[in-house]
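Residues per chain are reported as follows:
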Amino acid sequence: MAEHHDDHDHGDGHRDPPSFPIQEKSAIWGLVLAFVAYFLCHSFVYVENDPTAVAEASARGQRVEWTSFDKFYSQSPIVFKQPADHAELLQILEGAVRDNHTVKVVGAGHSWTPIGLTDGVMINLDKFNKIFSIDAVHKRVTVQAGIRIRDLSAALAANKPPLALRNTGVLNRQSLAGALATGTHGTGINYQIMSADIVSLELITAAGEVLRVGRNEADAAMREVFEAATVHLGGLGVITEVTMEVVSAFSVVKRSRLMPLEEVVGGLESLAEASEHLLVWYVPYTETAQLMEANRTVRSQMISAMSSSSSSSSSSDDNGMEAEEKQGSSLVSKLTRAVHSPLLLYIRPSLGVLQVRVLSAAGWFSSLFPVACIPFLNRYLVAPSLHMFAGGVSSYSFYPEGYQGIVLDDHPDQYREAEWFVPFENFPAAFADFQAFLSERKGKIGANFVVQLRVTKGDELWLSPFRRSRGSCRGSEIEGEEKGGGGGEGGRERGEGASSWYVSIATLVKGYDCEPYFKAAEDLVWIPHGAKPHWGKLHYLNYNQLSRMYGEEYERYLSVRRRLDPRDVFLNQHLRELFLERAIR
């Protein structure tokens, strides 16, 4: 320090300001990384449709266009309407029937199929967003069906006492009606799809008839309408009001970690039983999977538990920090171990946003190269982008409002997705065939993005992809149901005989033609193993195949559909292919 002082002391009372050695290269890389982080935070963003702006433009007589969120499907309706009440809605339906136009209802446009498109009249129900009642005693909420899931979740959380939807998908930007229409699901072997929590609903037909139907309908015909409407694909009418079961509010602790893919697949059942909400991502042609395990808790209990856990995590983590070190912890994990872990619990969701955007950027960049380069780019670019925030102390995150913890911190931007639901007992063979399928087509198909695994409890809804027949479940699952694993706040008692669970396998493609990948996997892997597709994601099935998959319930649904919509007002070309309906215009 004396030498440093002498270098800057001129002896006349004047001293130069102290200088410090600057790592110029580090500074340059720091600026580059800061720029990259800023760029990623403002690029590769999931861009939502703006129905209000589209409706206003249509009201001015402008030609408007509605697109799916991935910008793949688009169509210009004759008119785009956003009614504010029943009177306006009924007037729109009357005019459409009079002018022989088809009608489709859209919410966020979050679908990979053209299920909501029409060149006729398009309706958005964002103004149907009122909450009529919240019953904390009987754990029920009655709302207009156009409300966005995130808004409903926030309102339930703000209630006294706070409540929550039992489960949601991994995205909460959709309208409630749209999510219910396509059988939207979350993850967890004790949690069914969102539609399983419907108690009653209001449906308006093309003829203007207002039907109120519920789970306990005594009239057989009205009970059939309810069953058909729980997962209705937009083919019956307009769902305007829903009463759903809810649960007490909860907080969520989520952990993100890496495991060898082979161990994940082999131990999926135990992993699913150990975590209330399990989500697995891996990149094709790599051997490591990232697990996102979310568990519900009470905030005070979580802080106490995590404080004690953080003090010992560096020496003995349940799943082995040593094991993570052997696998090679991520750079972020190493840097953040010096930071007090309770603080990281709150910071980690922001890192999750950055992770998704880095992953999206990596997928986009890989799509600039020939398909033969995909295996190399997956291993050295896409997979490292996925894993960069996994492992170590930074792997834990805390969500005081639990509804924010059972969804992704962010969502990738434009990509194509297919998702199939495989009965658990068929999963090992199906996944082995899928891996062999990928290997045989290595460098020939656009498998450049993640594969996602989730688990969901079976149900008895007519068009639910998770529907199981009574008596088909395994003894261990029936035993678990009797012990309460499927009832209470974790899952509805309705359909307890159908308590077996499914593994959903979602394949994502970014930038490449997905059909050679998705169509071949559908024919060669998923259908032979008894899987069913997500109604809102890409598949290539027709009426004959779907009728065989769903059996009697599919025909029962179509019978109700024809009764409620004899003039096919709510059908578009996509639904005609699914329902084998002839054009009558």
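Let me sum up the structure you'll find in this document. (Residues numbered from 1 in each chain as written. Predicted model: local features only at pLDDT ≥ 70, side-chain atom pairs only at ≥ 80, totals over all residues. Heavy atoms only, no water.)

Turning our attention to the packing of aromatic side chains. By the definition in use, this model includes 22 aromatic pairs. Taken together, a centroid distance of 5.1 Å and an interplanar angle of 85° make the contact between phenylalanine 72 and tyrosine 73 edge-to-face. When the ring of phenylalanine 466 is compared with that of tyrosine 502, the centres are 5.5 Å apart and the planes differ by 90°; the resulting orientation is edge-to-face. Within this pair, whereas phenylalanine 466 is found in the loop between strand S17 (451–457) and helix H16 (475–482), its partner tyrosine 502 is found in strand S18 (residues 501–509), the two being separated by 36 residues in sequence. For tyrosine 502, a relative accessible area of 3% gives the class buried. Aromatic ring contacts, followed pair by pair, group Tyr282, Phe427, Phe431, Phe434, Phe437, Tyr517, Phe518 and Trp526 into a single cluster. Of note, arginine 296 hangs over the ring of phenylalanine 250, and the distance from its end group to the ring centre comes to 3.8 Å. Of note, arginine 416 hangs over the ring of phenylalanine 72, and the distance from its end group to the ring centre comes to 3.6 Å. (Phe/Tyr/Trp six-rings, centres within 6.5 Å; stacked < 30°, edge-to-face > 60°. Helix = DSSP H or I, 4+ residues; strand = E, 2+ residues; numbered from the N terminus. Buried < 20%, exposed > 50% of the residue type's maximum accessible area, 1.4 Å probe, protein only. Lys NZ or Arg CZ within 6 Å of the ring centre and 35° of its normal.)

Where the residue is not glycine, phi is negative for most of them; where a peptide bond is considered, it is trans in most cases. Of note, the amide linkage connecting lysine 160 to proline 161 takes the cis form, showing an omega dihedral of 0°. For proline 161, the position within the fold is in the loop between helix H5 (149–158) and strand S8 (163–165). With a phi close to 60°, leucine 233 is a non-glycine residue in the positive phi region. Among the secondary structure elements, leucine 233 is positioned in the loop between helix H7 (220–230) and strand S11 (238–248). On the accessibility criterion, leucine 233 (1% relative accessible area) is buried.

It is worth spelling out the pairing of strand S14 (residues 288–297) at this point. Taken residue by residue, a regular strand's side chains alternate between the two faces of the sheet. By the criterion of burial, S14 is predominantly enclosed, with seven of the 10 residues buried. Sheet analysis places strand S12 (residues 251–260) next to S14, joined by 10 bridges and oriented antiparallel. Pairing of arginine 255 across the sheet is with glutamate 293, part of S14. Taken together, the six bridges between strand S13 (residues 277–282) and S14 define a ladder with antiparallel strand orientation. Residue pairing for S14: leucine 278 is matched across the bridge by glutamate 293. A loop of five residues connects S13 with S14, the two strands running antiparallel in sequence, and tyrosine 285 in this loop sits at a positive phi of about 70°. (Pairing = 2+ DSSP bridges.)

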